[in-house]
Every structure is written in structure tokens, then in C-alpha cells.
There are 2 protein chains.
Amino acid sequence: MKINVHYSNQHLDELYFTGKTTVVIDILRASTVIVTALANGAKEVIPVSTVDFAMKVSGNAFSGQTLLCGERNTKKIEGFVLGNSPLEFSHEVVNGKSIIHYTTNGSKAVVKAKFSENLFVACFHNLPAVAKHLVELNKDVEILCAGSNGNFNLEDTVCAGKLVSEILFLKEDAEIGDAGRAAMILLKTLGKNLLKMMKETEHGKLLIENGFSADLKVCSEYGITNIIPYFISGALKKLDVPGIHSETIASKDGEKS
Amino acid sequence: MKINVHYSNQHLDELYFTGKTTVVIDILRASTVIVTALANGAKEVIPVSTVDFAMKVSGNAFSGQTLLCGERNTKKIEGFVLGNSPLEFSHEVVNGKSIIHYTTNGSKAVVKAKFSENLFVACFHNLPAVAKHLVELNKDVEILCAGSNGNFNLEDTVCAGKLVSEILFLKEDAEIGDAGRAAMILLKTLGKNLLKMMKETEHGKLLIENGFSADLKVCSEYGITNIIPYFISGALKKLDVPGIHSETIASKDGEKS
């Protein structure tokens, strides 16, 4: 089992992912939103890589059953129902709905990796469950940080480091390369207090400036759900495998999916 | 003064660099070779991004005055005079010559950044001199790690971390982002023994496997020259500025440029 970590995705071709097992991470905030939406009863999350395509998918669907959501440079897009704050994706709002999701980095990373044989989404909320499932699958893994506009960011990398670390805890002989080693070093230095770490990153500071400081607290919650988003037929749905119970261990408002 | 660190270059457009001050790092081994060649009296190093173009440039030049050099996946290319080991670029071999230089990552990174207003090459050999010169210039800096085929590598990042650290030592208020912070954390953890660090990286291991372990020792030598390669009219030449003396402080064989 070999673990390859990528700090961004713009240099990778879509075909790179063909046949691979991939985990997409965009801690602030797309992957946290996707996990939260599914945990709170959303039927599916449809990631799109352009606003035009989001509008097109939305127009083709029954409006009562779909929610057009997402952000551009942290802010809700005009005409969209929801932005990209996990706090917006409550049970009351998303239960039973198809979420059409456009974001600056995260949804594009999922779309980029769409040819993967297995494509999952991870954040701190479901990280232990994802690690356990990957070790059970026992296949080489591509950990794909969404990054920030093609560049490295610290929060995704520290999360990747935690995922590598959890996999190695369960499977000592998993192989890692330079990027995985570096991510684990960054985790060791910055991972003791996830909220503090996120407050000090470039993207964390930008979110605080734009009034989303409460999101950082939500995004730093660790191991609160076993839900693993799995990409199938163009949408992210709850993974249903033996041993993985798609339920929220302890969510903010006590909702169970 | 803001310092932006990039762990690879494939996601960046050539035009990104227009008007910028850029430093290219490819520790194993292109940037070390470029500095060594100029330190040992080469007239210039002409970086090329394809083998075809290397052949074309070579064909147009007087063969006695040019040397076709470089590697593909660590090995010398058939028909080339030299490979990409700094040990090959002695005073005897390169003095007065134009070096046409093709490598898997480093020369491509230089060519990618060719529209920069100021374009320098750094390795551990000339790092203190480069840091000093950048602080004197007092412009925003792009530190461009060549990386490995578009991916992150540890040795370039640790070198970038050292460059950031030296700049901050000379100019405390220089701004850094996530990538610069991460590079400094990696430097702190791995930078105490540069040779050991390089032996444990993916590329370091590959070089050892292919018989180039002596190169790692050469590439880990720190602060042995003040020579700064500067890109002008398609070639890297010795920078000639007041306060920077283009000389080798202590080279392996005692040669002075």
C-alpha cells in the first residue's frame, strides 16, 4: 500500500486518476461542507467545476429538490441559495435534497479526480473513518489536497498528514514519499491545536476577515462522524460498506442522519 | 517585501512571472550544476526546456565553445557531452564555455520563469549571497522550487526554507505565506544535516541507486561561493553587482573563477 500526497491538483491531468483510489481534502471549507451535508441528510452532493455548469445542472432539476450552493473567493455567489459555510447545511435545510456544489478549489478537485476507481472526500470530521476504510481497501492511495488556486495551503496539508499518520498507525508498512513525510512533520509541529493552526493560515485569516470565524471552529472538529462521501455517477453519496456505519457520532445539533 | 514560495512550477503560467523577481531552486542537481559551472569559469549556462531545442542551439553554435549537457531521469542523454553531476563541471572542462543545459526539472523551471524582471538561481552553495542580494534589491520575491515532475520534493523545499529564513534574518518584516512557513518548519526539522536530509529524499535515493551518491555530498555544501547566476538574453551569467563578489570562497579543487 503506497500513499501519494499531492498538495494541489492543477498540475495533474484528469487521466492521472484513472483506476486510482483518491481522497480529496479541502478543509476550509468544501470537504467539511460535503461531509456535513450528507451527515445532515442530504441525498447527494453534485460537485461542479464551473458556475455555468452549476446553473445548467440546477436548471435541469426540480428546484424543490435541489439547492444551488457554493462560493467564489469565500463569498456566496449571486443567485445561489447557500454559500459554503458548514453552518448553513443544517438538517432542516438539506434533508433529502440534492446539493449542487461549486467552490473555488474543493469541488474542482473532486471533478478533476472523477476518473478514480474509488473517490472519497475527507475532512477532520470523518478522518478516522476514512483512514480505517482505506486500510480495509488496501489499495494505493492518492491524497489530493485541493490547495488554494493551485498553490499549497497549510490546513489541507496538515489534514493530509493526519490521514497519513492514521493509516500508518493501522498499517505500519504503508509506503510514503517526500510529500507524505513533509505533511506528517507539519502535523507534528502544527497539529496539536487544529483551530489555532487554521486561524494562522492564509485562508483561515481570509475567512475571519470575511466574517466566517465560526466556520474555523466547526472545521476543526475531529472524528465526529463515520460518514464517507463516495463519488458515483456524478455525485457524492454516503458510502455504504460493512463495518462503516454512516452516522454522525456527535453532531453540533444532535441530528442523526 | 513579500516572499512567495512555490513547491513546483507546472501549475504556473509563464506570464505569472512577468515583472517579478524570481529565484529558481533545483538542489539535486540543476541549480547546483549551474552555480558550479559559473564558479569554474563557464561563460554562461543556456537553460533549455526540450532536448530538441538543446540540439538546435548546439547545432547553431561553434562546437568548440559549447558543451551540450544534461540528464533525463538522472542519466546523461545519448549524444550529450556531460550529464548533470556537478563533479563533471570542473574548471578544466567548462572554463570559457557556453553550457547548453537540459534537465528533467531545473532547466524547465528557469525557462518557465524567463519573463521575470530578475531571475536568479540558488542552491546551498550560494544561498547566503542570494539572500543578501534579495534583501538589497528589496522587492517581492518568488522562490520557485523546480520540484519533481510537477510534484513537491523535500530537498528543494528545505533549501527554500533556508532562503526564507536567511532573508528574514536580514529583514525581519518580510512577509511570508503558508508555503514559506511550512518550508521553514521542514528546515527546522530536517535542515541540521543537509547531507543526511538529501540521502533520505525520494530523489536522493534515486541518485544513490544510479551511482551518484558523491553528488549528494557536493550538493549539500553550504555557503561556499558568492556567485549568483542571473538570467539575461536567454542565458544564465554571473551577476555583477557592487557588494557581490563573483568568486568562489572555497571550491573543492581550489579553483577560483
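Summary of the structure given here. Given the structure is predicted, the values throughout are model-derived calculations rather than measurements.

1. Considering the relation of the copies chain B and chain A
Here's step 1: With an axial shift of 0.0 Å and an RMSD of 0.0 Å, the rotation relating chain B to chain A amounts to 180°. Within this description, the copies of the chain are treated as partners about a two-fold rotation axis. When C-alpha positions in chain B are compared against the rotation axis, the closest is assigned to H11 of chain B, at 2.5 Å.
Here's step 2: A high fraction, 100%, of the interface residues of chain B reappear at the interface in chain A, so the copies pair face to face through one surface.

2. Considerations on unusual backbone geometry
Apart from glycine, the bulk of residues carry a negative phi angle, and the bulk of peptide bonds sit in the trans form.
Here's step 1: The amide bond that connects L28 of chain A to the next residue, R29 of chain A, takes the cis arrangement and shows omega of 5°.
Here's step 2: On the secondary structure map, R29 of chain A appears in the loop between β2 (21-25) and α1 (30-39).
Here's step 3: Although it is not a glycine, T74 of chain B adopts a positive phi angle of roughly 80°.
Here's step 4: For T74 of chain B, the position within the fold is in the loop between β4 (66-72) and β5 (75-76).
Here's step 5: At N149 of chain B, a position not held by glycine, the phi torsion is positive, near 50°.
Here's step 6: Residue position: N149 of chain B is located in the loop between β8 (141-145) and α6 (154-170).
Here's step 7: Take N149 of chain B: there are 13 C-beta atoms within 10 Å of it, and that puts it in the partly exposed class.

3. Concerning helix α1 (residues 30-39) of chain B
Residue and element names in this part refer to chain B.
Here's step 1: Taken across its 10 residues, α1 has 10 buried, putting it largely inside the fold.
Here's step 2: Those residues of α1 lying buried are A30, S31, T32, V33, I34, V35, T36, A37, L38 and A39.
Here's step 3: Two residues or fewer after α1 comes G41, characterised by a positive phi angle close to 100°.

Conventions adopted
- Residues numbered from 1 in each chain as written.
- Chains lettered and ligands numbered in written order.
- Predicted model: local features only at pLDDT ≥ 70, side-chain atom pairs only at ≥ 80, totals over all residues.
- Least-squares fit on C-alpha atoms with pLDDT ≥ 70 in both.
- Contact = placed C-beta atoms within 7 Å.
- Helix = DSSP H or I, 4+ residues; strand = E, 2+ residues; numbered from the N terminus.
- Buried ≥ 20, exposed ≤ 12 C-beta atoms within 10 Å, placed from the backbone.

From the geometry alone we can't say anything about function, so treat these as descriptive.
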